[in-house]
Amino acid sequence: MQNERYSRHYALPGFGELGQQKLQAARVLVVGAGGLGCPVLQYLTAAGVGTLGIIDHDHVDLSNLHRQVLYDTNDIGRAKAEVAAGKLKQQNPEIEIHYWVEQLHSNNVADLIRSYDLIMDCTDNFAARYLLCDACRLLDKPLVFAAIYQYEGQIAAFNVADKEGIKTNYRHLFPTPPTSLEAPDCNVAGVLGYCPV
């Protein structure tokens, strides 16, 4: 029986019910529930990804609200992962959502990503980015990376085999982390609110 929520997916040539079933069976982990994570989480939830994981140790701040549109003024001071999970469950109660209010580090990264099919790097710091890169490479997990800086954005997929079976990872593109002077965070450099979308 087709679900009316996904009726536009069912009607889409080349996607249909089989495509929706694949989405509903998928397990996606989003690391970072900030400026990038908010729209990613909202669209994955709306699309009906069956199991969604959220990792973020940060709390909602007033300065977040111009770009982190999942949150509102009443959420200031609350844990982003917890708030996001609650709002996303209201958006689509048919999906399973897990969340962790903790920082990613070498002692927990493997356990947190192991059961997911796809990892989405929506972090805002290079320590977490390189840690995810290495863990995904070791566990052979596809990694989608995104970043924003002032007026521009980047997106790439890593650990996915090309026609020759070669898998590229984040360190192939950026072998060493930049310094804080080379890539200041948005607290210093600023960021245009709609860039994450």
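Residues numbered from 1 in each chain as written. Predicted model: local features only at pLDDT ≥ 70, side-chain atom pairs only at ≥ 80, totals over all residues. Heavy atoms only, no water.

## Some remarks on unusual backbone geometry
Line of reasoning, step 1. Positive phi values are uncommon outside glycine, yet Asp140 reaches one of about 55 degrees.
Line of reasoning, step 2. The residue Asp140 is located in the loop between helix H6 (126-139) and strand E5 (143-149) in this model.
Line of reasoning, step 3. Of note, Asn159 is a non-glycine position whose phi angle comes to about 65 degrees, a positive value.
Line of reasoning, step 4. Here Asn159 shows up in the loop between strand E6 (152-158) and helix H7 (170-173). (Helix = DSSP H or I, 4+ residues; strand = E, 2+ residues; numbered from the N terminus.)

## Some points on the packing of aromatic side chains
Both the distance between ring centres and the angle between the ring planes are used here to describe each pair of aromatic rings.
Line of reasoning, step 1. Within the structure shown, the criterion is met by five aromatic pairs.
Line of reasoning, step 2. Ring centres 5.9 Å apart and planes at 90 degrees place the aromatic pair Phe158 and Tyr170 in the edge-to-face group. Of this pair, Phe158 sits in strand E6 while Tyr170 sits in helix H7, placing them 12 residues apart in sequence. The residues Phe158 and Tyr170 share a single accessibility class, namely buried.
Line of reasoning, step 3. Grouped by ring-pair contacts, the aromatic residues Tyr130, Phe145, Phe158 and Tyr170 constitute a single cluster.
Line of reasoning, step 4. The ring of Tyr116 carries the charged tip of Arg27 above its face, separated from the ring centre by 4.9 Å.
Line of reasoning, step 5. Note that Arg129 overlies the ring of Phe126, its terminal NZ or CZ placed 5.5 Å from the centroid. (Phe/Tyr/Trp six-rings, centres within 6.5 Å; stacked < 30°, edge-to-face > 60°. Buried < 20%, exposed > 50% of the residue type's maximum accessible area, 1.4 Å probe, protein only. Lys NZ or Arg CZ within 6 Å of the ring centre and 35° of its normal.)

## So, the environment of Lys141
Line of reasoning, step 1. Residue placement: Lys141 occurs in the loop between H6 and E5.
Line of reasoning, step 2. Taking relative accessible area as the criterion, Lys141 reaches 13% and is therefore assigned buried.
Line of reasoning, step 3. Along the sequence, Lys141 and Asp117 sit 24 residues apart, while their C-alpha atoms lie 6.7 Å from each other.
Line of reasoning, step 4. Discounting chain neighbours no more than four positions away, the residues touching Lys141 are Ile113, Arg114, Ser115, Tyr116, Ile119, Cys136, Phe158 and Asn159.
Line of reasoning, step 5. At 2.7 Å, the side chain of Lys141 and the backbone oxygen of Arg114 are in polar contact. (Contact = heavy atoms within 4.5 Å. Polar contact = N/O pair within 3.5 Å; in protein donor to acceptor, adjacent residues only side chain to side chain.)

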